Amino acid sequence: MTPTQWNSGAAVSALLLLGLWHMGALSLQSPMLPPPLDVAEVLVRDIRTGQLPYHLGVTLARLTVSFALAMSVGTAIGIALGGHPGLNRLFDPWLVLLLNVPALVTMILCYVWLGLGETAAITAVVINKIPNVVVTLREGTRSLDRDLMELAQAYRFGWIKTFRHVIWPQLYPFIMAASRTGLALIWKIILVVELLGRSNGMGYQLHLFFQMFDVASILAYTFAFVLVVQTIELLLLRPLDRRAKRWRR
Amino acid sequence: MTAVHIAISRKAFPSPGGTRANPIITDLAITIDRGEFVCLVGPSGCGKSTLLHLVAGLDRDFEGRIDFGTGDITPQIGYVFQNPRLLPWRTVRQNIELAMPHERKDEQLVEHLLEVMGLTAVQQQYPERLSLGMSRRVALVRAFAIQPDLLLMDEPFVSLDAPTARRVRQLLIRVWEERPHTVLFVTHDLREAIALADRLVFLGPSPTRVLAAIRVDIPREQREDEALIEGFRAELMGGFSALNGLI
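Residues numbered from 1 in each chain as written. Chains lettered and ligands numbered in written order. Predicted model: local features only at pLDDT ≥ 70, side-chain atom pairs only at ≥ 80, totals over all residues. Heavy atoms only, no water.

## A few points about the overall build of chain A
For step 1, the next point in the chain: Within chain A, the regular secondary structure consists of 10 helices and zero strands.
For step 2, the next point in the chain: The helix and strand sequence of chain A, counted from the amino end, reads α-α-α-α-α-α-α-α-α-α.
For step 3, the next point in the chain: Projected onto its principal axes, the C-alpha coordinates of chain A cover approximately 75 × 50 × 30 Å.
For step 4, the next point in the chain: For chain A, the proportion of its 249 residues judged to be buried stands at 38%.
For step 5, the next point in the chain: At a minimum sequence separation of 6, the contacts of chain A that also span at least 24 residues come to 71%.
For step 6, the next point in the chain: For chain A, the accessible surface area stands at approximately 14,300 Å², while carbon and sulfur atoms represent 70% of it.
For step 7, the next point in the chain: For chain A, the distance from the average position of its 21 positive side-chain charges to the average position of its 13 negative side-chain charges is 10 Å. (Helix = DSSP H or I, 4+ residues; strand = E, 2+ residues; numbered from the N terminus. Buried < 20%, exposed > 50% of the residue type's maximum accessible area, 1.4 Å probe, protein only. Contact = heavy atoms within 4.5 Å. Areas by Shrake-Rupley, 256 points an atom, 1.4 Å probe, with all protein chains shown as cover. Lys, Arg positive; Asp, Glu negative; His and termini not counted. Charge placed at Lys NZ, Arg CZ, Asp CG, Glu CD.)

## Some words on the sheet that holds strand β1 (residues 4–12) of chain B
Residue and element names in this part refer to chain B.
For step 1, the next point in the chain: Strand order across the open sheet formed by three strands is β2-β1-β4, with antiparallel pairing between neighbours. Because the sheet does not close on itself, it has two edges, and the strands there are β2 (23–32) and β4 (63–67). Going from strand to strand, the sheet's axes swing by 15° on average, the running direction of each strand aside.
For step 2, the next point in the chain: Where β1 lies against β4, five bridges are found, and the strand directions are antiparallel. Bridging from a neighbouring strand, Ile8 pairs with Gly64 of β4. (Pairing = 2+ DSSP bridges. Axes fitted to C-alpha atoms, helices over the stretch in contact; angles between N-to-C directions.)

## Digging into the pattern of salt bridges
For step 1, the next point in the chain: Under the criterion given, the structure shown has 23 salt bridges over all chains.
For step 2, the next point in the chain: Among the charged side chains, a network of salt bridges with common partners joins Arg62, Glu118, Glu194 and Arg198 of chain A. (Salt bridge = Lys/Arg side-chain N within 4 Å of Asp/Glu carboxyl O.)

## Some points on the nonpolar core
For step 1, the next point in the chain: Core analysis: the largest hydrophobic core is formed by 95 residues, its most contacted members being Ile6 and Leu200 of chain B.
For step 2, the next point in the chain: Once residues lying within four places of it in the same chain are set aside, the contact partners of Ile6 of chain B are Leu28, Ala29, Ile30, Ile32, Leu51, Val55, Arg65, Ile66 and Leu184 of chain B.
For step 3, the next point in the chain: Cys110, Tyr111, Leu183 and Leu191 of chain A belong to the second largest nonpolar core, which has 32 residues in total. (Core = buried A, V, L, I, M, F, W, Y, C linked by side-chain atoms within 4.5 Å.)

Set out below in structure tokens:
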């Protein structure tokens, strides 16, 4: 499929969904399922009042910070565990434990121990994401090409050159994979964190709308959020991915 | 330029089962003079590659010593591995320049080597687009470009077709004569060894030991003569019955 074909396919698919939604809403005639136009109206209104941009901005800021923290810390730990079997034997059980602690438990504990503040919110998201990054990067480090490491050693690349030109390009696909799944995970978790203990952000807003059974607003905010995350994927992650693959045949 | 004194009393790889490992090299002593081109000839699996690894310092887990006679200064080592080992995410040119230490970076030399090896046109390409023969030549340029004091070559022409191998061999000698340095060249192809070496060192099967060391007295300019090479080989095999069945 060419990109144009793909794009027109996506357009038809979106129109179909909107059509079905509209018909469903018309036949139900219930506030539980507002028609697409009502949702669009709410969307425009809340963008105009600045409410939606504010809460979306707050959530995105949290997302950025926690994503950056989780990725950098997770990558460092992953490389360390992948490179040192002894270290890995020691900490692997911790990792298994962290991977299996439900996200909600980490959130509650963070709020209990650190108080209902920004630090607790970010920490909760980061702790939920880190084990994931660690596992991916550990796998990446284990699969580093020994031949190329020997090459770097024989030609005395030194630490910095070896990392930049030999190790990093091999880890890059793993970092991209961790980023992709990381973004998907974090933006789902972050709403719950906000719902539980913050007084702003998308999660907090959605919680308010839920209490008022304001389905139109819920859908409007969700739509805005999905749009932003998709834009990040399209404008940031895809080009980075392509750039990393340009040397492939 | 540098000489190499190899004296290895024992080298073994740890066996997976934890039982006592069989040594792959015992009591091996070889000396390579400054600027000498030495070919190590021996059957597969006799520890030739392992020996190069030890000389390059990639593996320090052995008993004995390897000395370059340069005191504390470790010589600049060029290493041509059995497979080309190019970084696929860097272009041909970058692959070569990355290996060059800052103080020995010589753009003109790189240009010249690329020209000689017929790689000028592909220098901005990524290695995955190259044929195996081209990749091997890039690996050779990389090794020459650092202006090594010692060049280690591990069957660099294996799996090249005969005409390409011959061409690359001629190029190797040409570059080596332009700037003489010590070469330790591993091969199991005796004709190739005779065509290239000042001296042949025959290694026996594992645990490796030196069977014989023979000077090749064919003048450099006659090394292209297949009949001469073949004659030398026949004489060699006749004179050393110990080599029969090994080479």
